[in-house]
Amino acid sequence: MALDRGWLVVVWNDPVNLMSYVVHVFRLVLGFDEAKARRHMLEVHQEGKSCVARENRERAEFFCQLLQQHGLKTTLQREA
Amino acid sequence: MQAIQADDGCTLILFQPERAFLSGILQVILHHYGQASEELPPRVREVWYSAETTASLDEEDRHCWMESLRDFRQGNAGLCRRYLKMLQEAVQEPFSLPIARADLDSFLIVINDHRLYQAAVYEVGEAEMEEDWSQIPDTGRRQALLEIHFLAVLLELLLRVG
């Protein structure tokens, strides 16, 4: 049976978190390499948000909590 | 203020005014970490306890989510106390604060939490971040901007060597 991976972890732009800090958090929490972390950080900065993970609900909540612990504005969305 | 790489993490070198300033900030953070979420200003609660995410949860899940985030912050209060004690008892000038690699991420979160707190309370947005803090007439707001920028420099230094 296919796993339910229909939950999106979305990080939103905010005026306070430093770009370098966001890159650091993406690398640490999500295991992104430097280039991927920078790409998502820039997407957050320029587009206002970035979907950083697509997971089943449990894992999506786990990542969402970790990102929030680090002070990033993060929400969960059910995939359309 | 300077940060240098060390064998197990890094060392933060602070002169007396910077040490005093950081001590004051850590004291305030400790006070805020000790507060229940409902005691915090609503805007801070939104940022620290993610009102947007928890809005869709039922009462029990929302409570668990917020408690978990609060426990996490409480966990970092110990680190704050340890560093605060070291800063307050320092006699050497400049003072070297050793930050173990295992503690670095927690310290970054603590620093960042205070930036988020001040920004939320004083409604600091993109435009305000560009303001010359020294020209701001309101004392509380000026202090908040100064702390936000001071801690940004500290964050950048630590991220560079961490």
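Since the model is a prediction, treat every value here as computed from it, not as a measurement.

> Residues and numbers for the overall build of chain B, please.
A count of helices and strands for chain B gives seven helices and three strands. Taken from N to C terminus, the helices and strands of chain B fall in the order β-β-α-α-α-α-β-α-α-α. Taken against the 2.2 N^0.38 rule, which gives 15 Å for 162 residues, the C-alpha radius of gyration of chain B at 17 Å falls within 12% of a compact globule. For the C-alpha atoms alone, the extent of chain B along its principal axes is close to 50 × 40 × 25 Å. When burial is assessed residue by residue, chain B has 48% of its 162 residues classed as buried. Of the contacts made within chain B by residues no fewer than 6 positions apart, 69% connect residues no fewer than 24 positions apart. For chain B, the accessible area works out to roughly 8000 Å², and carbon and sulfur atoms hold 50% of it. Side-chain charges of chain B comprise 14 positive and 27 negative groups, with the mean position of each set lying 5 Å from the other.

> Give me the lowdown on the overall build of chain A, citing residues and values where you can.
In terms of helices and strands, chain A carries three helices and three strands. The linear arrangement of helices and strands in chain A, starting from the amino end, is β-α-α-β-α-β. Across the 80 residues that make up chain A, the buried fraction comes to 51%. Contacts in chain A between residues at least 24 apart in sequence constitute 71% of all its contacts with a sequence separation of at least 6. Taken as a whole, chain A presents about 4200 Å² of accessible surface, with 52% of it coming from carbon and sulfur.

> Explain the pattern of salt bridges residue by residue, including any values.
Residues and elements named next belong to chain B. A complete count under the given rule lists ten salt bridges over all chains for this structure. With its nearest N and O atoms 3.3 Å apart, the salt bridge here joins Lys85 to Glu89. Here Lys85 pairs with Glu89, and both are found in helix α4 (residues 59–89), just four residues apart, close to one helical turn.

> So what about the interface of chain A and chain B? Which residues, and what values?
Chain A puts 22 residues into the contact, and the matching count from chain B is 24 residues. Interface area for chain A against chain B, summed over the two sides, is near 2000 Å², with a carbon-plus-sulfur share of 59%. Across the contact surface, chain A and chain B share zero salt bridges. Connecting chain A to chain B are eight residue pairs in polar contact (both at pLDDT 80 or more).

> Run through the confidence of the model for chain B, naming residues and quoting values.
With 97% of its residues at a pLDDT of at least 70, chain B reaches an overall mean of 92. This complex was scored by the predictor with a pTM of 0.93 and an ipTM of 0.92.

> Now, about unusual backbone geometry: what can you tell me, with residues and values included?
Residue and element names in this part refer to chain B. That bond from Glu93 to Pro94 is cis: its omega, 0 degrees, falls within 30 degrees of zero. Here Pro94 shows up in the loop between α4 and β3 (95–100). Even without being glycine, Glu123 reaches a positive phi, approximately 50 degrees. Among the structural elements, Glu123 can be located in the loop between α5 (101–121) and α6 (126–129). Among the residues examined, Glu123 registers a relative accessible area of 53% and is labelled exposed.

> Which residues make up a negative patch on the surface, and what values do they have?
Negative charge collects at one region of the surface, where Glu38, Glu39, Glu67 and Asp71 of chain B lie side by side. Position of Glu39 of chain B among the secondary structure elements: in the loop between α1 (16–33) and α2 (42–49).

> Can you lay out helix α3 (residues 57–69) of chain A for me, pointing to particular residues and giving the numbers?
All names here are of chain A. With 13 residues, α3 extends 18 Å between its outermost C-alpha atoms, agreeing within 8% with the 18 Å of an ideal straight helix rising 1.5 Å per residue. Along α3, the residues that are buried comprise Ala60, Phe63, Cys64, Gln65, Leu67, Gln68 and Gln69. At the N-terminal end of α3, a side-chain oxygen is found 3.2 Å from the backbone nitrogen of Glu58, two or three residues along, and the residue is Asn56. One or two residues past the end of α3 sits Gly71, with phi positive at roughly 90 degrees.

> Residues and numbers for the pairing of strand β2 (residues 9–14) of chain B, please.
Residues and elements named next belong to chain B. The buried fraction of β2 amounts to six of the six residues, a majority that puts the element mostly inside the structure. Sheet topology note: the strand β1 (residues 2–6)/β2 ladder contains five bridges and is antiparallel. Looking at β2, one finds that Ala3 is bridged to Leu12. Here β1 folds back onto β2 in antiparallel fashion, the turn holding two residues. Across six bridges, β2 lies against β3 in antiparallel orientation. Note that in β3 the partner of Thr11 across the bridge is Pro98.

Procedures and definitions
- Residues numbered from 1 in each chain as written.
- Chains lettered and ligands numbered in written order.
- Predicted model: local features only at pLDDT ≥ 70, side-chain atom pairs only at ≥ 80, totals over all residues.
- Heavy atoms only, no water.
- Helix = DSSP H or I, 4+ residues; strand = E, 2+ residues; numbered from the N terminus.
- Rg over C-alpha atoms; globule rule 2.2 N^0.38 Å.
- Buried < 20%, exposed > 50% of the residue type's maximum accessible area, 1.4 Å probe, protein only.
- Contact = heavy atoms within 4.5 Å.
- Areas by Shrake-Rupley, 256 points an atom, 1.4 Å probe, with all protein chains shown as cover.
- Lys, Arg positive; Asp, Glu negative; His and termini not counted.
- Charge placed at Lys NZ, Arg CZ, Asp CG, Glu CD.
- Salt bridge = Lys/Arg side-chain N within 4 Å of Asp/Glu carboxyl O.
- Buried area = accessible area lost by both parts, 1.4 Å probe.
- Polar contact = N/O pair within 3.5 Å; in protein donor to acceptor, adjacent residues only side chain to side chain.
- pLDDT = per-residue confidence, 0-100.
- Patch = residues over 30% accessible without salt bridge, like charges linked within 9 Å, V, L, I, M, F, W, Y side chains within 5 Å.
- Expected span 1.5 Å × (residues − 1).
- Pairing = 2+ DSSP bridges.

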